[in-house]
Amino acid sequence: ATPTSIMVGTGRAAELGVLFRKGDALQALQGVQVVALDKTGTLTQGRPELTDLRLADGFERAQVLALVAAVERGSEHPIAEAIVRAAKAEGLDLPRAEGFASLTGHGVQAEVEGRRVLVGADRLMAREGIDLGDLAQVGEELAGEGRTPLYAAIDGRAAAVIAVADPLKPTSRDAIAALHRLGLEVAMITGDNRATAQAIARQVGIDHVEAEVLPEGKVAALEALRAGGQKLAFVGDGINDAPALAHADVGIAIGTGTDVAIEAADVVLMSGDLRGVVNAFEISAATMRNIR
Ligand code: ADP
Ligand code: MG
């Protein structure tokens, strides 16, 4: 590629809000066959809302929500923010939590008013030996609708299932369809529940899903996608995504995401709109055509 054509391509991309931090990414994109995307904040808006709270027998809504929100106040996860917002919207006073611990990729725990409160994914409850009873079935139904079910246990007893829903960005579906039209394989990588991830993937038109991936497992999940040695691009926004952005043949960060993700990427989309990924591939193809 001539420096001039690369400059022209990079300039055209910038006009469309696609910043090539490294000129060779314009060429590298041409070899890419698989595009893997993070779910939360990349395909979705990254701002979940609490949609459901179902109680086990013997528990009361205001009390459970206050205890759970008191614990979540210690977490910076978007799920935690959704729960705290919902509790405040209901006018609840949040008691103080002590001994807060974040269990990466699983949930949170703390002591509140002398009670041990645990909030998180079903796999966290399984690990702690909590019997979910009828709540397990309710959670699976909610997951089937693309909501993320979280369980709350109080003093070792399952108290509630809480669902949060994170809407897709309005243009994600179109962007995925356009990537497919370019002949690319498209996959999603997420720490979320498998059933939830599959429901979201169906809504957005993605057929390959790597779910329940721990933050430190994203690079391995990416490698699993290139069984045949294909070149791949990864699109992400979070701190967790930085290693995968650096590891992929082309890392594409969402400009509205974290600085850590942007620093690790080869390409940065100025807006959160995934049609920018399509623009990046199209400009890359046009640039390389002119050169050959
Ligand atoms: P992602 O960024 O894809 O949501 P994470 O690794 O951050 O992945 O979270 C994976 C899962 O761990 C979440 O879907 C949720 O089930 C659980 N989890 C993480 N943080 C919290 C939290 N603060 N409260 C409850 N559950 C949580
Ligand atoms: Mg994300």
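Structure: above.
Bear in mind the structure is a predicted one, so any value in this text is a computation, not a measurement.

Chemist: Is there a simple way to think about the site of ligand 1 in this case?
Modeler: Within the structure, ligand 1 sits among 22 residues, and S75, H77, G105, A121 and G191 are positioned closest to it. Of all the secondary-structure elements, those providing two or more residues to the shell around ligand 1 are α3 (39-43), α5 (78-89), β5 (107-112), β6 (115-120) and β7 (148-154). Tallied by class, residues from the shell around ligand 1 come to seven nonpolar, 12 polar and three charged. Each of domain 1 (3-45 + 168-291) and domain 2 (49-165) contributes no fewer than three residues to the shell around ligand 1.

Chemist: Explain the environment of D134 to me, please; I cannot follow it from the model alone.
Modeler: Among the secondary structure elements, D134 is positioned in the loop between α6 (122-127) and α7 (135-144). Since 12 C-beta atoms lie within 10 Å of it, D134 is described here as exposed. It is 7.8 Å that separates the C-alpha atoms of D134 and A56, two residues lying 78 residues apart in sequence.

Chemist: I keep staring at the pairing of β5 and nothing clicks. Help me out?
Modeler: The side chains of a regular strand alternate between the sheet's two faces. Among the six residues in β5, five count as buried, and that is most of the element. Note that strand β4 (residues 97-103) and β5 share five bridges and pair antiparallel. Across the sheet, residue L103 finds its bridge partner in β5, namely G107. Hairpin connection, β4 to β5: the antiparallel pair is bridged by three residues, and G105 has positive phi, about 70 degrees. Across six bridges, the pairing between β5 and β6 is antiparallel. Bridging across to β6, G107 finds its partner in G120. In this structure, the hairpin formed by β5 and β6 is closed by a connection of two residues, where E113 is found at a positive phi of approximately 50 degrees.

Chemist: Explanation requested: the packing of helix α4 (residues 61-72) against α5 in the structure shown.
Modeler: Angle between the axes and distance between the axes are the two parameters that describe a pair of packed helices. Contact pair α4 / α5: the axes reach a minimum separation of 9 Å and the direction vectors enclose 135 degrees. As judged from the angle between their axes, α4 and α5 are oblique. Remark: the crossing between α4 and α5 carries left-handed chirality. Listed contacts from α5 to L65, A66, V68, A69 and E72 of α4 are A80, I83, V84 and A87.

Chemist: Explain unusual backbone geometry to me, please; I cannot follow it from the model alone.
Modeler: In most cases, non-glycine residues show a negative phi, while peptide bonds are predominantly trans. The backbone of D155 shows a phi angle near 50 degrees, a positive value even though the residue is not glycine. If you trace the backbone, D155 turns up in the loop between β7 and β8 (157-165). Taking the number of C-beta atoms within 10 Å as the measure of exposure, D155 has 10 and is therefore exposed. In this model, E212 sits at a positive phi of 55 degrees, which is unusual for a non-glycine residue.

Chemist: Whenever I open this one, the sheet that holds strand β10 (residues 208-210) confuses me. Can you help?
Modeler: Strand-to-strand pairing in sheets goes through backbone hydrogen bonds, with the strands running parallel or antiparallel. The strand order across the open sheet formed by seven strands is β1-β13-β12-β11-β2-β9-β10, and the pairing between neighbours is mixed. Sheet topology places β1 (18-20) and β10 at the edges, where each strand pairs with a single neighbour. This sheet shows a mean twist of 20 degrees between the axes of neighbouring strands, independent of strand direction. In this structure, strand β9 (residues 185-189) lies alongside β10, joined through three bridges in parallel fashion. Across the sheet, residue I189 finds its bridge partner in β10, namely E210.

Chemist: Sorry, what's going on with the packing of α7 against helix α9 (residues 194-204) here?
Modeler: The N-to-C vectors of α7 and α9 enclose an angle of 20 degrees; their axes lie 7 Å apart at closest approach. Between α7 and α9, the angle falls in the class roughly parallel. The element α7 and its partner α9 pack so that their crossing is right-handed. Facing E140, A143 and G144 of α7, the residues of α9 in contact are A195, T196 and A199. A class-by-class count of the residues in the contact of α7 with α9 yields three nonpolar, two polar and one charged.

Thresholds, definitions, all that
- Residues numbered from 1 in each chain as written.
- Chains lettered and ligands numbered in written order.
- Predicted model: local features only at pLDDT ≥ 70, side-chain atom pairs only at ≥ 80, totals over all residues.
- Near = placed C-beta within 6 Å.
- Helix = DSSP H or I, 4+ residues; strand = E, 2+ residues; numbered from the N terminus.
- Nonpolar A, V, L, I, M, F, W, Y, C, P; charged D, E, K, R; others polar.
- Domains from an automatic or database assignment.
- Buried ≥ 20, exposed ≤ 12 C-beta atoms within 10 Å, placed from the backbone.
- Pairing = 2+ DSSP bridges.
- Axes fitted to C-alpha atoms, helices over the stretch in contact; angles between N-to-C directions.
- Parallel < 35°, antiparallel > 145°, perpendicular 65-115°, else oblique.
- Left-handed = near helix turned anticlockwise from the far one by under 90°.
- Contact = placed C-beta atoms within 7 Å.

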